[in-house]
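# Commentary on secondary and tertiary structure
Each chain, written out:
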Amino acid sequence: MDVDGYDVVCSDLEAATEKIIDYLIALGHTRIGYIGGSETIKKFNGGKSYEVDDIRKRTFEKKMKALGLYEPYHVFVGDWGPAGGYELMKTAIDSGDLPSAFVIASDPMAIGALHAIHQANLKVPEDISIISFDDIDAAAFLNPPLSTVKIYAHEMGRLAANALHERRTGNRHIPVKIVTPAELIIRESCAKCGQNT
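Notes on the structure follow. (Residues numbered from 1 in each chain as written. Predicted model: local features only at pLDDT ≥ 70, side-chain atom pairs only at ≥ 80, totals over all residues. Heavy atoms only, no water.)

### A few points about the packing of aromatic side chains
For the record, the criterion: In this analysis, rings of Phe, Tyr and Trp, with Trp reduced to its six-membered ring, are considered paired at centre separations within 6.5 Å, and the interplanar angle assigns stacked below 30 degrees, edge-to-face beyond 60, and tilted for intermediate values. A run of H or I in DSSP counts as a helix once it spans at least four residues, and a run of E counts as a strand once it spans at least two, with each numbered from the N terminus. In this scheme, a residue with accessible area under 20% of its type's maximum is buried, one over 50% is exposed, and one in between is partly exposed, where area comes from a 1.4 Å probe on protein chains only. Throughout this description, the term charge over a ring refers to an Arg CZ or Lys NZ atom that lies within 6 Å of the ring centre and within 35 degrees of the ring normal.
The full count for this structure, using the stated rule, is 2 aromatic pairs. Aromatic side chains Tyr-34 and Phe-60 sit 5.3 Å apart centroid to centroid with 35° between the ring planes, which places their arrangement in the tilted category. Placement of Tyr-34 in strand E2 (residues 32-37) and of Phe-60 in helix H2 (residues 55-66) is noted, with a sequence separation of 26 residues between them. We note that Tyr-34, like Phe-60, is buried. Aromatic side chains Phe-76 and Phe-102 sit 6.4 Å apart centroid to centroid with 45° between the ring planes, which places their arrangement in the tilted category. In this pair, Phe-76 sits in strand E5 (residues 75-78) while Phe-102 sits in strand E6 (residues 101-104), placing the two residues 26 residues apart along the sequence. The exposure class of Phe-76 is buried, given its relative accessible area of 11%. For Phe-102, a relative accessible area of 0% translates into the label buried. If you follow Arg-56 out to its NZ or CZ, it ends over the ring of Phe-133, 5.4 Å from the centre.

### Side note on the nonpolar core
Counted only if it meets this: Here, nonpolar core refers to any group of buried Ala, Val, Leu, Ile, Met, Phe, Trp, Tyr and Cys residues whose side-chain atoms link them within 4.5 Å.
If you look at the biggest cluster of nonpolar residues, it comprises 23 residues, and the most contacted ones within it are Ile-20, Leu-24, Ile-32, Phe-60, Val-103, Phe-133 and Val-149. Counting residues in each nonpolar core, the second largest holds 20 residues, with Ile-35, Phe-76, Ala-113 and Ala-139 among its members.

### Examining the packing of helix H3 (residues 82-94) against helix H4 (residues 107-119)
The cut-off we apply is this: Axes here mean lines fitted to C-alpha atoms, for a helix over just the part in contact, with angles spanning 0 to 180 degrees between N-to-C directions. For classification purposes, angles smaller than 35 degrees are called roughly parallel, those larger than 145 roughly antiparallel, those between 65 and 115 roughly perpendicular, and all remaining angles oblique. Note on convention: near helix rotated counterclockwise from far helix by under a right angle means a left-handed crossing. Clockwise means right-handed. Any two residues having at least one pair of non-hydrogen atoms within 4.5 Å are treated as being in contact. Three classes are used: nonpolar for Ala, Val, Leu, Ile, Met, Phe, Trp, Tyr, Cys and Pro, charged for Asp, Glu, Lys and Arg, and polar for all others, with Gly counted as polar.
Relative to each other, H3 and H4 sit at 40°, their axes nearing to 6 Å. One element, H3, and the other, H4, form an angle in the oblique class. Remark: the crossing between H3 and H4 carries right-handed chirality. Contacts between H3 and H4 involve Pro-82, Gly-84, Gly-85, Tyr-86, Leu-88, Met-89, Lys-90 and Ile-93 from the former and Pro-108, Met-109, Gly-112, Ala-113, His-115, Ala-116, Ile-117 and Gln-119 from the latter. Of the residues that constitute the contact of H3 with H4, the class distribution is 10 nonpolar, 5 polar and 1 charged.

### Some remarks on the sheet that holds strand E7 (residues 129-134)
Operational definition: Only when DSSP finds a minimum of two bridges between them are two strands counted as paired.
Judged by pairing direction, the sheet is mixed, and its 6 strands sit side by side in the order E5-E2-E6-E7-E8-E10 without closing on themselves. In this open sheet, the two edge strands, each paired with only one partner strand, are E5 and strand E10 (183-185). For this sheet, the mean inter-axis angle between neighbouring strands, taken without regard to orientation, is 15°. With 3 bridges joining them, strand E8 (residues 147-150) and E10 adopt antiparallel strand pairing. Paired with Lys-150 across the bridge in E10 is Glu-183. Sheet strands in contact with helix H1 (residues 13-26) are E2, E6, E7, E8 and E10, and its direction is about 165° off that of E7. Contacting E2, E5, E6 and E7, H2 crosses the sheet at an angle of about 160° to E2.

### Considerations on the packing of H1 against H2
Direction vectors running N to C along H1 and H2 enclose 45°, while the axes themselves pass 9 Å from each other. Judged on the interaxial angle alone, H2 and H1 are oblique. Considering only the axes of H1 and H2, their crossing is right-handed. Here H1 contributes Leu-13, Glu-14, Thr-17, Glu-18, Ile-21 and Asp-22 to the contact with H2, which in turn contributes Ile-55, Arg-56, Thr-59, Phe-60, Lys-62, Lys-63 and Met-64. Each residue belonging to the contact of H1 with H2 can be placed in one class, and the counts come to 5 nonpolar, 2 polar and 6 charged.

And the structure:
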């Protein structure tokens, strides 16, 4: 995506995804799946829209390949949101080859995935460990409380507003890219791998 000339404020999802994988591997997981959504880029003035892989998915694939652990059939991409997470986890369960852990691209998708897991009479984290992104308010109150990556959305909004103000008032003429850290919040949805992998 061409962002030359524009200010960008984003969270460091690449580093966060790598931290998640490192954490799961430290727990003994080697069969790790991914559930996420696709991102559609729409061009103005009648230009064609196209889909690109989300940075979380790209980083997951790159890191898992580097570790020699990547299995393309453990990657599930569909609609964002709880319904998408539910359907994708259901597909993963029905495949009969379920990873011991999943990286899920958003908390709402993880909520749907949890529902599919419970419907299949499986338990988190005993049967499947899951960890996601966002740290929405509900994440700490799920059963079990969800391990997730905290995205500092409020701070990102403040930084974006400041950047816009600087450009509009003429105090800065060059574009900036501001990358905010993302913090791994460990709760109860991940456990040491008890399966033979």
